[in-house]
Amino acid sequence: MGMRKVRREAFLAAHPYCIFCGGEVKTETVEHCPPRAMFQDRAWPEGFEFPACENCNHGSADDDLLVTLLARTDPFTEAGDRDGRMTEIIRSVNQKFPDLIGKMMPTAIEARAMNRRLGIAPATGQTNQEAGPVRVTDEMHRAVRVFAGKLTKAIFYMHTGQVFPTDGRIGLNWFTNAALITNAGRYPVFDVLQGLDGLAPALVRSKSLLNDQFEYKLSISHESDLLALQARFGQGFGFAVFACTAGDRLDALFANLEVRTGRRNPFALI
Ligand SMILES: [Zn+2]
């Protein structure tokens, strides 16, 4: 038996059940969450390997592709394509979602209005469409919902050793880099949650820090039943999640939030 197989068998023995669908289905594969392709040269952070059943791993391949595209889209620099893989990623997106790139591109009139609102001036030789942020489509909303759910369960498992239960609930608020552009490189929701105590670990591979591509902050209650996760993917997008292992407590938390702020709860259940 080769070392690769030995490592795999050891992983399956240590993590016998899929952590993405409630912990009752046997582990069949090793899932990388976030997907490896999101990282430059596929150098994903150490430790971000999770036990998954076949369904949970391969069922979200298309969503992984879209969040990879989104994470690598950088309105400020070419940092998202340091490894030169963007062409390949865009080609795959085009193959799986033939009309998506067209839908992501705002019309010239929309782009002009959007850039004016965001204070973006196209560089010389650049059109408003090329300079502006992408338009978020239904496919992208779906992909981020699926991905945010999986990453929440993965990080919950990593920090507590427990599988997120099927009757737990997750509320999501996500934002693209358009929010970064209007807010001097910061996400407004993170500013609101800044006072929350939490853990924001350094993410590394071979001693290289990867936090410029993916970073997160986890706040979790003593009983490990209520958590807030803030995650950011390069200059591409970010999200905040509130999750609860007993679903109805999350409903109560959101209802309370609405009463206290007098605003509609910005977190949508996924
Ligand atoms: Zn599963």
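Before any of the text, the structure's been laid out above.
Residues numbered from 1 in each chain as written. Predicted model: local features only at pLDDT ≥ 70, side-chain atom pairs only at ≥ 80, totals over all residues. Heavy atoms only, no water.

## Let's talk about the coordination of the zinc ion
Those donors, Cys-18 (SG), Cys-21 (SG), Cys-53 (SG) and Cys-56 (SG), are the protein atoms that reach the zinc ion, and they lie 2.2 to 2.3 Å from it. Taken together, the 4 donor atoms coordinating the zinc ion span angles of 101 to 118 degrees at the metal, a pattern that classifies the geometry as tetrahedral. Donor residues binding the zinc ion come from one chain and are separated in sequence as C-x2-C-x31-C-x2-C. Linking Cys-18 in the loop between α1 (3–14) and β1 (29–32) with Cys-56 in helix α2 (residues 54–58), this pair joins segments that are 38 residues apart in sequence. Given the relative accessible area of 0%, Cys-18 is considered buried. (Donors = N, O, S within 2.8 Å, 3.2 Å for Na, K, Ca; no water. Tetrahedral: all angles 85-135°; square planar, octahedral: opposite > 155°, others 65-115°. Helix = DSSP H or I, 4+ residues; strand = E, 2+ residues; numbered from the N terminus. Buried < 20%, exposed > 50% of the residue type's maximum accessible area, 1.4 Å probe, protein only.)

## Observations concerning the side chain of Gln-213
Here Gln-213 is to be found in the loop between β5 (208–209) and β6 (215–220). Taking the relative accessible area as the measure of exposure, Gln-213 reaches 12% and is therefore buried. A distance of 2.8 Å separates a polar atom in the side chain of Gln-213 from the backbone nitrogen of Gln-40. When neighbours within four sequence positions are excluded, Gln-213 is seen to be in contact with Met-38, Phe-39, Gln-40, Arg-82, Arg-232, Phe-233 and Gly-234. (Polar contact = N/O pair within 3.5 Å; in protein donor to acceptor, adjacent residues only side chain to side chain. Contact = heavy atoms within 4.5 Å.)

## Some details on the layout of surface pockets
As a volume, the largest pocket reaches approximately 780 Å³. If you go around the largest pocket, you meet 28 residues; those closest to its centre are Thr-73, Asp-74, Glu-130, Gly-132 and Val-134. Looking at the lining of the largest pocket, its residues break down into 16 nonpolar, 7 polar and 5 charged. Here the lining of the second largest pocket is composed, by residue class, of 6 nonpolar, 5 polar and 7 charged. (1 Å grid on protein atoms, 1.4 Å probe; cavity = no way out; pocket = protein on both sides within 12 Å on 5 of 7 lines; lining within 4 Å. Points joined across faces, edges and corners; volume = space filled by probe spheres on them. Nonpolar A, V, L, I, M, F, W, Y, C, P; charged D, E, K, R; others polar.)

## A word on the nonpolar core
Ranked by size, the top nonpolar core spans 50 residues in total, and within it Phe-147, Leu-151, Phe-214, Tyr-216, Phe-233, Phe-237 and Phe-239 carry the most contacts. Considering every element that reaches this core, the biggest residue donor is helix α8 (residues 138–160), with 10 residues. If you look at the next biggest cluster of nonpolar residues, it comprises 14 residues, including Ala-179, Leu-180, Tyr-187 and Leu-226. (Core = buried A, V, L, I, M, F, W, Y, C linked by side-chain atoms within 4.5 Å.)

## Here's the deal with the packing of aromatic side chains
A complete count under the given rule lists 17 aromatic pairs for this structure. Considering the side-chain rings of Phe-48 and Phe-214, the 5.6 Å spacing of their centres and the 85 degrees angle between planes classify their relative orientation as edge-to-face. Placement of Phe-48 in the loop between β1 and β2 (49–52) and of Phe-214 in the loop between β5 and β6 is noted, with a sequence separation of 166 residues between them. Exposure remark for Phe-214: the relative accessible area of 0% places this residue in the buried category. Between the aromatic rings of Phe-214 and Tyr-216, the centroid separation amounts to 5.9 Å while the plane-to-plane angle is 25 degrees, which identifies the pairing as stacked. Judged by relative accessible area, which is 4%, Tyr-216 ranks as buried. By way of ring pairs, the aromatic residues Phe-39, Phe-48, Phe-50, Phe-147, Trp-174, Phe-214, Tyr-216, Phe-233, Phe-237 and Phe-239 are connected into one cluster. Taking the ring centre of Phe-20 as reference, the NZ or CZ of Lys-150 above it sits at 5.0 Å. Geometry around Trp-44 places Arg-205 over its ring, the cationic atom sitting 4.5 Å from the centre. (Phe/Tyr/Trp six-rings, centres within 6.5 Å; stacked < 30°, edge-to-face > 60°. Lys NZ or Arg CZ within 6 Å of the ring centre and 35° of its normal.)

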